[in-house]
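# Residue-level structural notes
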Amino acid sequence: MNIQAKPRKRKQPARNSSVPRRAVRKPDVRVIKLAVLAVGGQGGGVLGNWIVDLAQENGYVAQSTSVAGVAQRTGATIYYIEMMPDEGRDPVFALSPAPGDVDILIAAEMMEAGRAIMRGFVTPGQTALIASTHRALAVSEKVVPGDGISQSADVMDAARKASRRLIAFDMDAVAVAHGSVISASAFGALCGSKELPFTRAQFEETIRRSGRGVETSLKAFAVACKRAESGGEDIPASKALAPAQSAIMLAGPDADVAAWQRLVARVEALPEPVIHMASNGLAKVVDFQDVAYG
């Protein structure tokens, strides 16, 4: 149930009764509707709080709500924010996004962008879609023997068609490279998109007011902001979606190194589709305990 507060009283100017009253139509004030789709651990709540603080500290009224998920990848959550210029009255905002009526959608992971499109939150001619192209695999992808990763290229094609504007790049990589988390780079991408009526200095001051991880957050913010300003869109080809195979180096006694190399040779003799999975699994268990355990 929405409860609307009483309007704040304003002093009315004196009116000369001899002057006829004219009807004056106030310009329409547009409510900005923004949704953030994130999964557990990505700082979606932090990002939502930053956006609300940014609005409220710069002449806007804002409301934030969230609907938490409980299943995929520690829970996918929708954070919904509505804001408008402060006119001295308390507006009644919606509590959740409506299909076909979202102005800005931030997806903190590629398939979350796909989920938003499927739910109708991304609309041609209205929605600016800001999405990270990295993947946090769903349970349905993890249980498939071999490579069960869904193809991001299909989601990107849909995103181009469904949105008014698309900004997409690996925001997680930007954050990790600067010792931060994706909420900082997503906030930078939002700033660089110029979709909100606030300056970069106002965005940065919002991060400073938070008082935690400020310097690393500002570094990730700056890089992501620049990428978004240039219209950054990196669309990985289908073949590039699988995790990159990297050489694993082991340091230690000669006997352990020789034992490790024998294990690697056994992995490389496996059928090609399972080599990557087996190699990563071997590295994890050896790192967890020792070569004998591997």
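This brings us to the pattern of salt bridges. Within this structure, the stated rule accounts for twelve salt bridges. Among the salt bridges present, the one from Lys33 reaches Asp101, with a minimum N-O distance of 2.5 Å. Here the residue Lys33 occupies a position in strand β1 (residues 32-39), and Asp101 occupies one in the loop between β3 (76-85) and β4 (104-107), the gap between them amounting to 68 residues. As a salt-bridge pair, Arg209 and Asp53 come within 2.8 Å of each other at their nearest N and O atoms. Of this pair, Arg209 sits in helix α7 (residues 200-210) while Asp53 sits in helix α1 (residues 44-56), and the two are 156 residues apart along the sequence. What makes Arg209 partly exposed here is its relative accessible area of 36%. Of the residues examined, Asp53 reaches a relative accessible area of 22% and is grouped as partly exposed.

This paragraph deals with a nonpolar patch on the surface. Together, Val139, Val143 and Val144 give the surface a local cluster of nonpolar side chains, amounting to about 240 Å² of exposed area. Here Val143 shows up in the loop between α3 (139-142) and α4 (152-162). By relative accessible area, which is 60% here, Val143 ends up exposed.

Look at helix α8 (residues 214-229): 22 Å from first C-alpha to last across 16 residues, which is about the 22 Å you get at 1.5 Å a residue. Of all the positions in α8, only Val214, Ser217, Leu218, Ala220, Phe221, Ala224, Cys225 and Ala228 are classed as buried. Seen from one end, α8 has its buried residues packed into an arc of 165°, which puts them on one side. Of the exposed residues in α8, the ones pointing more than 90 degrees away from its buried face are Glu215 and Lys226. Along its buried surface, α8 packs onto α1, β6 (165-169), α5 (171-177), α6 (182-193) and α7. In the stretch just after α8, Gly231 is the one whose phi turns positive, near 75°.

Before going further, it helps to examine the pairing of β1. For β1, the tally of buried residues reaches eight of eight residues, placing the bulk of the element in the interior. Along β1, one buried face is formed by Ile32, Leu34, Val36 and Ala38 and the opposite face, lined by Lys33, Ala35, Leu37 and Val39, is buried too. Inspection of the sheet shows β1 paired to β3 by eight bridges, in the antiparallel sense. Looking at the pairing, Leu37 lines up with Ile78 of β3.

What the second largest pocket holds in volume is close to 230 Å³. Taken together, Gly43, Val46, Trp50, Ser180, Val181, Ser183, Ser210, Arg212, Gly213, Thr216 and Ser217 form the lining of the second largest pocket. If you list the elements that add at least two residues to the lining of the second largest pocket, you get α1 and α8. Here the lining of the second largest pocket is built from residues that sort into three nonpolar, seven polar and one charged.

Cut-offs applied
- Residues numbered from 1 in each chain as written.
- Predicted model: local features only at pLDDT ≥ 70, side-chain atom pairs only at ≥ 80, totals over all residues.
- Heavy atoms only, no water.
- Salt bridge = Lys/Arg side-chain N within 4 Å of Asp/Glu carboxyl O.
- Helix = DSSP H or I, 4+ residues; strand = E, 2+ residues; numbered from the N terminus.
- Buried < 20%, exposed > 50% of the residue type's maximum accessible area, 1.4 Å probe, protein only.
- Patch = residues over 30% accessible without salt bridge, like charges linked within 9 Å, V, L, I, M, F, W, Y side chains within 5 Å.
- Areas by Shrake-Rupley, 256 points an atom, 1.4 Å probe, with all protein chains shown as cover.
- Expected span 1.5 Å × (residues − 1).
- Arc of directions from axis to C-beta.
- Contact = heavy atoms within 4.5 Å.
- Pairing = 2+ DSSP bridges.
- 1 Å grid on protein atoms, 1.4 Å probe; cavity = no way out; pocket = protein on both sides within 12 Å on 5 of 7 lines; lining within 4 Å.
- Points joined across faces, edges and corners; volume = space filled by probe spheres on them.
- Nonpolar A, V, L, I, M, F, W, Y, C, P; charged D, E, K, R; others polar.

Take it as geometry only, folks, not as evidence of what the structure does.
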